[in-house]
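# Structure assessment
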Amino acid sequence: MDIRVMRYFLAIAQEENLTKAANLIHISQPSLSKQMKELEMELGKTLFIRGNRKITLTEDGMYFRKRAQEIVDLTDKMLVDLEIQDYDLKGDIHIGCGETTGMKELIATMKKVHDEYPDIHFHIHSGNGLDIRESVEKGLYDFGLFVGKLDFSKMETYPLRYKNIWGLICRKDDPLASLPYITKEQVCELPLITSRQGMREQILHDWLGKEKKDLNIVATYNLFYNAGFMVEQKLGYALSIDGLQQSHEDLVFIPFEPKLETPLFLVWKKYQAFSKAAQKFLEAFKAGEAGDDGQ
């Protein structure tokens with residue numbers, strides 16, 4: 001199996017039609033059909049259900065599509081990195097990140113690097129911690145910005161100075177909105193919209209002193225933006241880190257008391273062979289963090 005065959009397979013999966021896929025990748029339909037049959041024989045799996053007008057993927061085909069796309073993306077990234085080694089510093093840097101105002105620290109470094117090297121371009125991929133960790137481990141993202149501690153055994157980590165604080169997000173017209181802080185006893189009496197990652201990592205359990213079954217959890221979320229609409233519609237009160245309520249003008253953040261803080265980490269795959277662009281970004285980020293600490 002080679003990368004070319006994977007690209008052919010992905011073209012068929014995209015077009016859902018053998019003729020259209022063959023035209024897209026500029027080979028004959030019989031040749032494309034033959035190579036797909038050879039691929040299925042090599043894998044010992046049926047990847048396609050061949051209809052009269054439409055080709056659909058089997059369960060094995062859907063799994064193979066996901067993995068083939070990852071391999072093709074990683075190959076393309078590697079080829080680009082190799083191509084630019086002997087030229088002026090340029091290239092693409094991919095960063096996966098959760099929702100956090102700590103992203104401002106990375107953006108400050110991104111601007112500094114881009115100002116000096118305008119041919120370096122950044123690509124931000126938002127998602128939850130588990131998805132980002134998987135993509136970093138596979139080399140699809142150069143870096144990941146994580147809120148809280150996950151299993152970093154396969155990664156190198158660099159802690160940020162900035163920490164997020166946890167609290168309750170409610171409507172501005174809610175009676176609780178005027179409170180300077182909110183206690184765990186008050187929180188436990190409310191209908192809650194909780195972060196799945198926060199609950200999974202025991203961050204909220206430990207602070208509240210209660211298990212999930214003992215709380216009135218009406219909904220969960222992995223990224224806050226849609227959870228904000230649930231708060232606006234009075235479904236419940238969101239437990240979240242600070243700053244995310246700013247995406248909704250009618251919401252307000254109330255910090256926990258006692259304070260609950262979450263560290264942030266910039267991470268990358270162990271033994272990562274960085275492109276020159278990614279290496280320059282990491283050096284600039286570390287220098288900026290050290291410089292800020294010295295102020």
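Below: a short report on this structure.

Criteria and cut-off values
- Residues numbered from 1 in each chain as written.
- Predicted model: local features only at pLDDT ≥ 70, side-chain atom pairs only at ≥ 80, totals over all residues.
- Heavy atoms only, no water.
- Buried < 20%, exposed > 50% of the residue type's maximum accessible area, 1.4 Å probe, protein only.
- Helix = DSSP H or I, 4+ residues; strand = E, 2+ residues; numbered from the N terminus.
- Arc of directions from axis to C-beta.
- Contact = heavy atoms within 4.5 Å.
- Polar contact = N/O pair within 3.5 Å; in protein donor to acceptor, adjacent residues only side chain to side chain.
- Pairing = 2+ DSSP bridges.
- Axes fitted to C-alpha atoms, helices over the stretch in contact; angles between N-to-C directions.
- Parallel < 35°, antiparallel > 145°, perpendicular 65-115°, else oblique.
- Left-handed = near helix turned anticlockwise from the far one by under 90°.
- Nonpolar A, V, L, I, M, F, W, Y, C, P; charged D, E, K, R; others polar.
- Phe/Tyr/Trp six-rings, centres within 6.5 Å; stacked < 30°, edge-to-face > 60°.
- Lys NZ or Arg CZ within 6 Å of the ring centre and 35° of its normal.

### A word on helix α2 (residues 18–25)
Restricting attention to buried positions, one finds in α2 the residues Leu18, Ala21 and Ala22. For α2, the angular spread of the buried residues around the axis is 100 degrees, confining them to a single face. Buried positions along α2 lie against α1 (3–15), α3 (29–43) and β2 (55–57). For α2, the side-chain oxygen to backbone nitrogen distance between the N-cap and Thr19 is 3.0 Å, and the N-cap itself is Asn17. Following α2 by one or two positions, His26 adopts a phi angle in the positive range, close to 65 degrees.

### Points about the pairing of strand β10 (residues 237–241)
In terms of burial, β10 is a largely internal element, 5 of the 5 residues being buried. A two-sided burial pattern is seen for β10, the buried positions comprising Tyr237, Leu239 and Ile241 on one face and Ala238 and Ser240 on the other. In terms of strand pairing, strand β6 (residues 155–171) meets β10 through 4 bridges, oriented antiparallel. Of the residues in β10, the one forming a bridge with Leu168 is Leu239. Bridge count between strand β8 (residues 192–195) and β10: 2 bridges; the pairing is parallel. From the neighbouring strand, Ile193 faces β10, where its bridge partner is Ala238.

### A closer look at the side chain of His94
Looking at the element boundaries, His94 is found in strand β3 (residues 91–97). Here the side chain of His94 touches His125 through a polar contact of 2.9 Å, side chain to side chain.

### A look at the packing of α1 against α2
Direction vectors running N to C along α1 and α2 enclose 130 degrees, while the axes themselves pass 8 Å from each other. As the angle between them shows, α1 and α2 are arranged oblique. Regarding α1 and α2, the two cross each other, and that crossing is right-handed. Every residue of α2 that contacts α1 at Tyr8, Ala11, Ile12, Gln14 and Glu15 is listed here: Leu18, Lys20, Ala21, Leu24 and Ile25. When the residues that make up the contact of α1 with α2 are grouped by side-chain class, the tally is 7 nonpolar, 1 polar and 2 charged.

### Points about the packing of aromatic side chains
Under the criterion given, the structure shown has 12 aromatic pairs. Ring centres of Phe143 and Phe281 lie 5.3 Å apart, and the angle between their planes is 50 degrees; on these two criteria the pair is classed as tilted. Highlighted residues: Phe143 in strand β5 (residues 143–147) and Phe281 in helix α11 (residues 276–293), separated in sequence by 138 residues. With respect to class, Phe143 is no different from Phe281; both count as buried. Pairing Tyr221 with Phe224 gives two aromatic rings, centres 5.9 Å apart and planes at 80 degrees, and the pair type is edge-to-face. On the basis of relative accessible area, Tyr221 is assigned to the buried category, the value being 7%. Through pairs of rings, three or more aromatic residues link up here, namely Phe122, Phe143, Tyr158, Trp268, Phe274, Phe281 and Phe285. One residue, Lys184, lies across the ring of Trp207, its end atom 5.5 Å from the ring centre.

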